[in-house]
Amino acid sequence: MNFPKGFLWGAATSAHQVEGNNHNDWSEWELKNAERLSKVSGEKYPPENYISGRACDHYNRFREDFDIAKSLGHNAHRFSIEWSRIEPEEGKFDEKELEHYREVINALRERGLEPFVTLWHWTIPLWLRYRGGVFSKGFPKYFTRFASRMAIEFPDVKFWITLNEPEIYALNSYMRGIWPPQKRGIIKFFRATYALSLAHQEAFRAIKNINPNIKIGAALNMSYFEGVGIIGSILKKFVDQIWNKRFLWHISNELDFIGINYYFHNRVRNFKFNQNENKETSDLGWEIYPEGIYHVLKSLKKYKKLIYITESGVADANDIHRDKFIKEHLEWILKAIGEGEDVRGYFYWSLLDNFEWDKGFWPRFGLVEVEYKTMERKIRHSAWKYKEIIEKGGI
Ligand code: FCB
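Draft legend 1. Seen up close, the site of the ligand. As a matter of local geometry, the ligand sits amid Gln 17, His 121, Trp 122, Asn 164, Glu 165, Asn 261, Tyr 263, Glu 311, Trp 349, Glu 356, Trp 357 and Phe 365. A distance of 2.9 Å separates an oxygen atom of the ligand from a polar atom in the side chain of Asn 164. The separation between an oxygen atom of the ligand and a polar side-chain atom of Glu 311 is 3.0 Å. When the ligand sits alone it has 300 Å² of accessible area, and the protein chains cover 96% of it. Tallied by class, the residues present in the shell around the ligand amount to 5 nonpolar, 4 polar and 3 charged.

Quick look at the structure:
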């Protein structure tokens, strides 16, 4: 079976994880927490592991990295614009940084890679952090001002992603308290996702006013909840609504496409979550479960939206699982397409090994390995296997 004509193939990154030398709420938090995180790891990883620092130096090496993406057969690329670079002070837009992203977009176009641009991938400019971040009353307005300016500056971008995984952000930053600003509480979780949904809606309307022809989506973390037994089957429906559908429901009138970030499924048994069998796992211990993406896709039919897989990837330093991982996820996606789901593209996470948030540099998701001391790039075997699928346009 083949993928539809015009299918977009590529990989994804996010600014803070690859660029290097960002100055935002995360970079500050890393400096304060690196020692603690290293201790929690039992000193398995040194404090430097937890500081994004130069990251992959992608800010300076983006052309070289896009040459690699092109050589791997990609025809699209997802990346994010770092808000704290563009608007380092409230309302002041930095011309030099605007020019930088203009060059990034041009470099993609010159190589035949369609830009998929994320406006917010979790980091908050410092001026906004002092105002309360997503809890600031003005958050939707501030985000919309930034988003509108981006749509004006970069009119040839056809695909915008407003927000990356609002649910994961709200969970880790406002409920579990493990990411900045380390708040805890279930009400805070709902408040954060609600604020983000308002920001999405307002930005959607503003960007559409500027350019009605572009496509706007959000990248949502979706899990497949598998119910085992009677209790599991009932509970699974409930969590599926809260985790996968609630945010979507809020924004579904202001949405051209759904971006799906799928990593794993969650087996619910009796009153317990994460009862996965874990026959095959990634370096992070996440179960590899390609079938889950099929169930997620099937459950989205009623929304009648275009779908792009905006992230799907595996931490696998030795590149043992990655080619099979990609192939099997694509097989399940093809099955869903065969049954009428409108999937238009697949972005592997990630093009490069990069800074994996509170885990730091050790998890290696890249199609391309990064040797952090020298910044040398080495293409992994699985990247060529992915290229073979792209060239065939099917499996
Ligand atoms: C997703 C994030 C992405 C990366 C992958 C592994 O939840 O969107 O930035 O961290 O997980």
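Draft legend 2. Up close: unusual backbone geometry. Going from Pro 180 to Pro 181, the amide bond is cis rather than trans, its omega being 5°. Assignment of secondary structure puts Pro 181 in the loop between helix H8 (166–174) and helix H9 (186–210). The residue after Trp 349, namely Ser 350, is reached through a cis peptide bond having omega 10°. Structurally, Ser 350 can be placed in the loop between strand S10 (343–349) and strand S11 (368–371). Positive phi is not limited to glycine here, since Glu 165 has a value of about 35°. Within the element layout of this structure, Glu 165 appears in the loop between strand S4 (159–164) and H8. Here Trp 357, not a glycine, exhibits a phi torsion of approximately 50°, which is positive. Structurally, the position occupied by Trp 357 is in the loop between S10 and S11.

Draft legend 3. Here's a closer look at the side chain of Thr 162. With respect to the element layout, Thr 162 can be found in strand S4. Excluding anything up to four places from it in sequence, Thr 162 contacts Leu 119, Trp 120, Phe 143, His 200, Ile 216, Gly 217 and Ala 218.

Draft legend 4. Examining the packing of aromatic side chains more closely. Summed over all chains, the structure comprises 38 aromatic pairs. Between Trp 286 and Phe 365, the aromatic rings sit 6.1 Å apart at their centres with planes inclined by 55°, giving tilted as the arrangement. Within this pair, whereas Trp 286 is found in the loop between strand S8 (265–269) and helix H11 (291–298), its partner Phe 365 is found in the loop between S10 and S11, the two being separated by 79 residues in sequence. Among the residues examined, Trp 286 registers a relative accessible area of 26% and is labelled partly exposed. Through successive ring pairs, a cluster of aromatic residues spans Trp 83, Trp 127, Phe 139, Tyr 142, Phe 143 and Phe 146. The side chain of Arg 149 reaches across the aromatic face of Phe 93, ending 4.8 Å from its centre.

About the cut-offs
- Along each chain, residues carry numbers from 1 onward, in the same order as the chain's sequence is written.
- Side-chain atom pairs in this predicted model are given and counted only at pLDDT of 80 or more, local residue features only at pLDDT of at least 70, and totals for whole chains, interfaces and linings cover all residues.
- Excluding hydrogens and water, the side-chain values take into account all heavy atoms of the structure.
- When at least one non-hydrogen atom of a residue lies within 4 Å of a molecule or strand, that residue is treated as near it.
- Within 3.5 Å is the distance limit for a polar contact, defined as a pair of N or O atoms, with the added protein rule that one can donate a hydrogen and the other accept it, and that residues adjacent in sequence qualify only through two side-chain atoms.
- Surface accessibility follows the Shrake-Rupley procedure with a 1.4 Å probe radius. Residue values consider only the protein chains on display as shielding.
- Throughout this entry, Asp, Glu, Lys and Arg are counted as charged residues, while Ala, Val, Leu, Ile, Met, Phe, Trp, Tyr, Cys and Pro are counted as nonpolar. The remaining residues, Gly among them, count as polar.
- In DSSP terms, a helix is any run of H or I states spanning at least four residues, a strand is any run of E spanning at least two, and both are numbered starting from the N terminus.
- Contacts: residue pairs with any heavy atoms within 4.5 Å of one another.
- The pairing test for Phe, Tyr and Trp rings, Trp by its six-membered ring, is centres within 6.5 Å, and the orientation test on the planes gives stacked under 30 degrees, edge-to-face over 60, and tilted for anything in between.
- A simple rule labels every residue: compare its accessible area, found with a 1.4 Å probe on the protein chains alone, to the largest value its type can have, and call it buried under 20%, exposed over 50%, or partly exposed in between.
- Here, a charge over a ring means that NZ of Lys or CZ of Arg falls within 6 Å of the ring centre while also lying within 35 degrees of the ring normal.

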